[in-house]
Amino acid sequence: MATHFVGRAGALRQDSLDGGSRFVGFSADEALIGAWARLELTAQLPTQFYAFAASLSETLLADTPLTLLMASTASGASALLPLCRGKGYFARWRAVGPRELFEPVDALCADDEGVVLLAEALSRQSRPLLLDRIPASSGLIPALRSAMKGKGWLSVRPGVSTPTITLDESWTAPESQFNSGRRSDFRRAARRAGELGTVTYEMLSPGVEAFDALFDEAIAVEVRSWKKEAGTAIAVDGAKEAFFRNFFRSASRQGIFRVAFLRIDGQAVAMQMGLECLDRYWLFKIGYDEAFGKCSPGTLLMLHTLGWAAGRRLQSYELLGDVEPWIAALWTREHRECLRVRTYPFGLRGAVGFSADLATWMTARMKPRADAA
């Protein structure tokens, strides 16, 4: 059967939906946390972890209705998908994470039966559903195609992919992966850094007791970059800083948080924060001190951590975010395809959602013609 959980962290209430399903507090139910932990063994993304959704529920989504849709079989929980929505009758369900942090997300599914049950439960919802950055390989997509037949429309369109670098032993000497011009750039940057003082690299896996001091040092580096003026630095957004502090602290507790620094005479001038899990290195945040920009400290640190990840025999180096021009030009054009999946159930809510999206798509298609004219 399909079970439906909903609530915010620390908020317990009982209700019913779809014939006897139950609501529980999002992060206050030990049975739920245990079931989620077991399903995490099948995860393909760190955004599928309980800590990711729980941290969002306490920070960036603290005032947003959250729902956890969980499918159960005779052997226990077999699939789940955390969702949220805005207020109002026509608000849609959407996956947690893509809008808040622009990261890909997916349902956790232990087996085919679970993903089918999850898709069937989603197809019965009267509200439309948005999955804006779901991996193209997700088993939920074909299951939704089948489940939505006779119940509504399904739209599957290209989404924003994520850049990745597939690693092998050759990447332990990362400079060798680039042409002579790029290798010359790396040597020049390293020489300039050395002229400024003693250059050292650190890749740390702090325990909880050391976490806050290192996290604070890392975000202080980011504030000294262009990200402060752009408003994208963690420290200029209190809710976002609280999210990353909570999420990374939880990862630190599990031993998978990594923070890297490039230091010149002991001063941190570039940083990275990420996770080492699922046999990959997941790069969530980067930053460098613009006062040291002439020696390209962010580039040097990325080169170092690429070699480190290859030395750990990890499968890949995941840059997350978007395939930005600087990534494609300097590091990789390899990417993981993501899709935008939307459901429009038959009924007023689905019709309104479809009409709104159709208007948006038509406007986007007409704009290039208007610009050309």
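To be clear, the structure that these remarks concern was listed above.
Let us look at the structure shown here. Nothing here was measured: the structure is a model prediction, and the numbers come from that model. (Residues numbered from 1 in each chain as written. Predicted model: local features only at pLDDT ≥ 70, side-chain atom pairs only at ≥ 80, totals over all residues. Heavy atoms only, no water.)

### Quick notes on the packing of aromatic side chains
On inspection of all chains with the given rule, the structure shows 22 aromatic pairs. By the ring-pair criterion, three or more aromatic residues cluster together here, those being Phe-52, Phe-211, Phe-215, Phe-243, Phe-244, Phe-247, Phe-248, Phe-257 and Phe-284. If you follow Arg-157 out to its NZ or CZ, it ends over the ring of Trp-361, 4.5 Å from the centre. Just above the ring of Tyr-89 sits the side chain of Arg-349; from NZ or CZ to the centre is 4.0 Å. (Phe/Tyr/Trp six-rings, centres within 6.5 Å; stacked < 30°, edge-to-face > 60°. Lys NZ or Arg CZ within 6 Å of the ring centre and 35° of its normal.)

### Focus: the pattern of salt bridges
Should the charged atoms of two oppositely charged side chains come close, the side chains can pair. One pass over the full model with this rule turns up 19 salt bridges. For Arg-188, the salt bridge identified is with Asp-185, shortest N-O distance 2.9 Å. Here Asp-185 and Arg-188 lie together in helix 6 (residues 180-196), a separation of 3 residues that amounts to about one turn. Note on Arg-188: relative accessible area 31%, which makes it partly exposed. Between Arg-245 and Glu-241 there is a salt bridge; the shortest N-O distance is 3.0 Å. Note that Arg-245 and Glu-241 are positioned in helix 9 (residues 238-254) at a spacing of 4 residues, about one turn of the helix. An identical accessibility class is assigned to Arg-245 and Glu-241; each is buried. (Salt bridge = Lys/Arg side-chain N within 4 Å of Asp/Glu carboxyl O. Helix = DSSP H or I, 4+ residues; strand = E, 2+ residues; numbered from the N terminus. Buried < 20%, exposed > 50% of the residue type's maximum accessible area, 1.4 Å probe, protein only.)

### Some details on unusual backbone geometry
A positive phi angle is found at Leu-278, which is not glycine, with a value near 55 degrees. Locating Leu-278 in the fold gives a position in the loop between strand 11 (267-277) and strand 12 (280-288). The class of Leu-278 is partly exposed, set by a relative accessible area of 27%. Look at Ser-296: it is not a glycine, yet its phi comes out positive at around 45 degrees. As for its placement among the helices and strands, Ser-296 is situated in the loop between strand 12 and helix 10 (297-311).

### Observations concerning the sheet that holds strand 11
Spatially, the 7 strands line up as an open sheet ordered 9-10-11-12-13-8-14, and their pairing is mixed. Where the open sheet ends on each side, the last strands, each with one partner, are strand 9 (199-204) and strand 14 (335-336). With respect to the sheet, helix 7 (residues 208-223) is in contact with strand 9, strand 10 (257-264), strand 11 and strand 12, its orientation differing from that of strand 11 by roughly 120 degrees. Its contacts with the sheet put helix 10 on strand 8 (162-166), strand 9, strand 10, strand 11, strand 12 and strand 13 (316-318), and the angle it makes with strand 11 is roughly 35 degrees. (Pairing = 2+ DSSP bridges. Contact = heavy atoms within 4.5 Å. Axes fitted to C-alpha atoms, helices over the stretch in contact; angles between N-to-C directions.)

### Let's talk about empty space enclosed by the protein
On inspection of all chains with the given rule, the structure shows 5 cavities of 30 Å³ or more. Considering the residues around the largest cavity, the lining is formed by Trp-36, Thr-47, Gln-48, Leu-80, Leu-81, Pro-82, Ala-95, Val-96, Val-105, Asp-106, Ala-107 and Leu-108. The element best represented in the lining of the largest cavity is strand 3 (residues 76-85), accounting for 3 residues. Among the residues making up the lining of the largest cavity, the classes are represented as 9 nonpolar, 2 polar and 1 charged. (1 Å grid on protein atoms, 1.4 Å probe; cavity = no way out; pocket = protein on both sides within 12 Å on 5 of 7 lines; lining within 4 Å. Points joined across faces, edges and corners; volume = space filled by probe spheres on them. Nonpolar A, V, L, I, M, F, W, Y, C, P; charged D, E, K, R; others polar.)

### A look at a positive patch on the surface
Positive charge collects at one region of the surface, where Arg-183, Arg-187, Arg-191, Arg-192 and Lys-294 lie side by side. Among the secondary structure elements, Arg-183 is positioned in helix 6. A relative accessible area of 30% means that Arg-183 is categorised as partly exposed. (Patch = residues over 30% accessible without salt bridge, like charges linked within 9 Å, V, L, I, M, F, W, Y side chains within 5 Å. Areas by Shrake-Rupley, 256 points an atom, 1.4 Å probe, with all protein chains shown as cover. Lys, Arg positive; Asp, Glu negative; His and termini not counted. Charge placed at Lys NZ, Arg CZ, Asp CG, Glu CD.)

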